[in-house]
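Here is what each chain is made of, one letter per residue.
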Amino acid sequence: LDSNLRDPVKATVINPTDAAKLLDYVWQHREDDYKFSYACMIFHILFYFGFRRSEILGLKKSQINLTKGYVDITGVWDAENWTFRSETKNKGSKRLVYFDPNGDAAKVIKWMLDYSYENFPASDYLIAATRGKNPLSPFMFRKIVYATYEILGLAKIKWSKEKNSK
């Protein structure tokens, strides 16, 4: 495959006003429905920490220390092999990421942990699938992100009418 034949893709970065609007919206609606709860968790983790999707999906409740104010990234969710993998993108990817234990991030993370323990007690993962013990699927992760953008008028999505599986 010749990469020169591909159309170049220009990334559109969300502006600070729209980012604030998005975070406020998902926070205000976090208890409305489990999909809004997922959106709240995903977007706040992206905002506060900038983690990769595989890091977010692989984030276990036990890796968060509210008292000392850190998240311990020890691995990633390997969507291709459907397993947690302790190998990361590079050696520097295994890290402690600190937050103010008395700040806004701690308040949001505490809500995430409380929600996850209450709704998905059998799963080790912070953003757990609605069934089983695995994290949310990458497909549902993308769907939540795109649907949230669409609700806020930040994207126009042409949704497929076909099912994800047969």
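The shown structure was predicted, so the numbers you read here are calculated from the model rather than taken from an experiment. (Residues numbered from 1 in each chain as written. Predicted model: local features only at pLDDT ≥ 70, side-chain atom pairs only at ≥ 80, totals over all residues. Heavy atoms only, no water.)

Nonpolar side chains collect at one region of the surface, where V13, I14 and L154 lie side by side and expose about 260 Å² of accessible area between them. Take L154: it is sitting in the segment after α5 (138–151). (Patch = residues over 30% accessible without salt bridge, like charges linked within 9 Å, V, L, I, M, F, W, Y side chains within 5 Å. Areas by Shrake-Rupley, 256 points an atom, 1.4 Å probe, with all protein chains shown as cover. Salt bridge = Lys/Arg side-chain N within 4 Å of Asp/Glu carboxyl O. Helix = DSSP H or I, 4+ residues; strand = E, 2+ residues; numbered from the N terminus.)

Summed over the entire model, instances satisfying the criterion amount to 4 salt bridges. Among the ionic pairs, D114 bridges to K110, the shortest N-O distance being 2.7 Å. In this pair, D114 and K110 are both assigned in helix α4 (residues 104–119), 4 residues apart and thus about one turn of the helix distant. Via salt bridges that share partners, R52, E55 and R95 belong to a single interconnected network.

Quick look at the pairing of strand β2 (residues 70–73) now. Along β2, the buried face is formed by V71 and I73; none of Y70 and D72, which line the opposite face, is buried. Where strand β1 (residues 64–65) meets β2, 2 bridges bridge the pair, whose relative direction is antiparallel. Bridge assignment links N65 to a residue of β2, and that residue is Y70. The antiparallel hairpin formed by β1 and β2 contains 4 residues in its connecting segment, where G69 sits at a positive phi of about 75 degrees. (Buried < 20%, exposed > 50% of the residue type's maximum accessible area, 1.4 Å probe, protein only. Pairing = 2+ DSSP bridges.)

So, on to a negative patch on the surface. The grouping of E31, D32, D33 and E118 at the surface amounts to a negative patch. As for its position among the elements, D33 is in the loop between α1 (16–28) and α2 (34–49). (Lys, Arg positive; Asp, Glu negative; His and termini not counted. Charge placed at Lys NZ, Arg CZ, Asp CG, Glu CD.)

So, on to unusual backbone geometry. The phi dihedral of W82 is positive, around 55 degrees, even though this residue is not glycine. Counting through the fold element by element, W82 comes out in the loop between β3 (76–78) and β4 (83–85).

Fair warning: the whole summary comes from geometry, so function is off the table for now.
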